[in-house]
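Below are the chains, spelled out letter by letter.
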Amino acid sequence: MPANRPATEEPRLTVTRPPRRHLRRALAVALPVPVIGLVLLVASGNLLLPVRPVVTIEAKMASKRDFFQDPEVERLLMKHGFRVHITSMGSREIAKQNYDGYDVVFPSGQPAADLISRERARANRPVLLYRPFISPIVLATYRDYAEVLATEGVAERLPGSGGPPMYYTLDMRKFLDLARGKRKGVQRDPEDGYRWDEIDDKNHVRNGNKILAQTSDICEANSAGTYLGLVAFVEHGNDAPDSEAEAEQLARRIKPLLVEQGLPSSERADTYLSPDGQGIAPISVIYEHQFLAHQLRHEAHKDETDDERVLLYPSTRFVTEPQLVALTGDGARLGELVSEDPELQHRAMELGFRTRGAGSDELTRFLIERQIPVPTTSSDDTRAVLPSLPLLEKMIEIVGDCPDRTDGP
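Residues numbered from 1 in each chain as written. Predicted model: local features only at pLDDT ≥ 70, side-chain atom pairs only at ≥ 80, totals over all residues. Heavy atoms only, no water.

Turning to the overall build of the protein, a few remarks are in order. Per the secondary structure count, the protein includes 18 helices and 16 strands. Residues classed as buried in the protein amount to 50% of the 409 residues present. The contacts in the protein between residues at least 6 apart in sequence include a share of 73% that link residues at least 24 apart. Taken as a whole, the protein presents about 20700 Å² of accessible surface, with 50% of it coming from carbon and sulfur. (Helix = DSSP H or I, 4+ residues; strand = E, 2+ residues; numbered from the N terminus. Buried < 20%, exposed > 50% of the residue type's maximum accessible area, 1.4 Å probe, protein only. Contact = heavy atoms within 4.5 Å. Areas by Shrake-Rupley, 256 points an atom, 1.4 Å probe, with all protein chains shown as cover.)

Below, the structure written as structure tokens:
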């Protein structure tokens, strides 16, 4: 070998470890599917985790299905082994129809839940009741209409954060007087109720319809039945009827205040929040959580509140406490979970509900952090008393001309 030629090293064979992702790809080609799954579980560390069985809950729900259809709530329920399959219908319809084969029913208010509890007790099939959150009945409207009512002395602006008011108190007596043809103490023909363009001196709204609040179907929806009870309470001198004859007479008297402009679709909140809502119904009876959830979404997406939509809190109020009715053991487990689990309770607050475990200070902080004005109501507002359940049912049937849909419990 020439002296000036460098020595040549023997070639070396180097074996490299392929990356884990390449290993998985190679295994996917070489191994059967069951073996691949086992290998990947071992590699990811999930093999030793317990497999939680998923229980499908069959449920009938009214407006509070909003909570269970929320993707984050669905995720949290799945984390605890629950999937909820919902059949949607109005609260009263839930109570009047057969619910065999269901684990829970969730009407939006106490009257429908009481109907179910009473019927099940008669059949010696008691139920468990859960109250995971609260949502008051409110009258949702638009700023121009609220300002017309404020100028008229029928509504009063509630103190806020310094910007345009989002909340008003509505004098129910004066509001119903306008529908009865009485304005500022002067009575005209009771059949000739006032219209918006008659009290709007500054031409803020151009609407020739009568001044009324639109509800969902009175025969089906708890919000409509509750509003009927509020109107009856005010029209009866801030008192509930005591006898069937009194209830029937009162129902016929208030019927024009509730169905004069026809019964609209079942979901009043959807109409109110739609782009054409103002032209369809200037005032709609909905739940507070539906309004707050809209404002929270609007703030999150557009970095500002929806200042065109505002709330009227009736001076005569009735706070609705929706009751989840558990019909089976699995239903009771679900009811306990949504009522007590901190994550689900917090999510309910994020969706606009007043949770039972959270104090008013916590709700206030939550809304302030998200730059949503905090609803405040006067402490001296009258709290309405609804008629007894049989009398309320009779009044709903008269006002709504409701068909008999009873299929049995």
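Our next topic: the pattern of salt bridges. If you walk through the whole model with that rule in mind, you get 19 salt bridges. Salt-bridge contacts for arginine 183 lead to glutamate 152; the nearest nitrogen and oxygen are separated by 2.6 Å. One end of the pair, arginine 183, is in strand β9 (residues 182-183); the other, glutamate 152, is in helix α7 (residues 143-152), with 31 residues separating them in the sequence. The pair formed by arginine 183 and glutamate 152 is uniform in burial state, with each residue classed as buried. A salt bridge links glutamate 350 to arginine 347; the nearest nitrogen and oxygen atoms lie 2.9 Å apart. One end of the pair is glutamate 350 and the other is arginine 347, both in helix α16 (residues 342-350) and three residues apart, which spans about a single turn. Taken together, the shared-partner salt bridges in this structure form one network comprising Arg173, Asp177, Arg180 and Glu235. (Salt bridge = Lys/Arg side-chain N within 4 Å of Asp/Glu carboxyl O.)

This brings us to the packing of helix α15 (residues 329-340) against α16. Packing of α15 against α16 leaves a shortest axis separation of 5 Å and a crossing angle of 65 degrees. Compared by their axis directions, α15 and α16 come out roughly perpendicular. Where α15 approaches α16, its residues Leu337, Val338, Ser339 and Glu340 are matched on the opposing element by Pro342, Leu344 and Gln345. Along the lines of polarity and charge, the residues of the contact of α15 with α16 split into four nonpolar, two polar and one charged. (Axes fitted to C-alpha atoms, helices over the stretch in contact; angles between N-to-C directions. Parallel < 35°, antiparallel > 145°, perpendicular 65-115°, else oblique. Nonpolar A, V, L, I, M, F, W, Y, C, P; charged D, E, K, R; others polar.)

Relative to the elements of secondary structure, leucine 292 occurs in helix α14 (residues 288-302). Using a relative accessible area of 2% as the deciding quantity, one classes leucine 292 as buried. Residues leucine 292 and leucine 367, spaced 75 residues apart in sequence, show a C-alpha to C-alpha distance of 9.1 Å. Ignoring sequence-local partners within four residues, the contact set of leucine 292 consists of Tyr167 and Gly352.

Here we have five strands laid out as an open sheet, ordered β2-β1-β3-β14-β4, and mixed in their pairing. With partners counted over all chains shown, the strands left at the sheet margins are β2 (82-88) and β4 (128-130), one partner each. The mean inter-strand angle of the sheet, taken between neighbouring strand axes irrespective of direction, is 25 degrees. Direction of pairing for strand β1 (residues 55-61) relative to β2: parallel, over a ladder of seven bridges. Bridge pairing links isoleucine 57 to valine 84 in β2. (Pairing = 2+ DSSP bridges.)

Here the focus is the confidence of the model for the protein. Detailed reading of the predicted model is not advised wherever pLDDT is low. Residues with a pLDDT of 70 or more make up 81% of the protein, whose mean pLDDT is 83. In this model residues 36-49 is a low-confidence stretch, pLDDT under 50, and it forms eleven contacts with partners more than four residues away in sequence or in other chains. (pLDDT = per-residue confidence, 0-100.)

A positive phi angle, near 60 degrees, is found at glutamine 371, a position not held by glycine. In this fold, glutamine 371 is placed in the loop between α17 (360-369) and β16 (382-383). With phi around 50 degrees, aspartate 401 is a residue other than glycine that occupies positive phi space.

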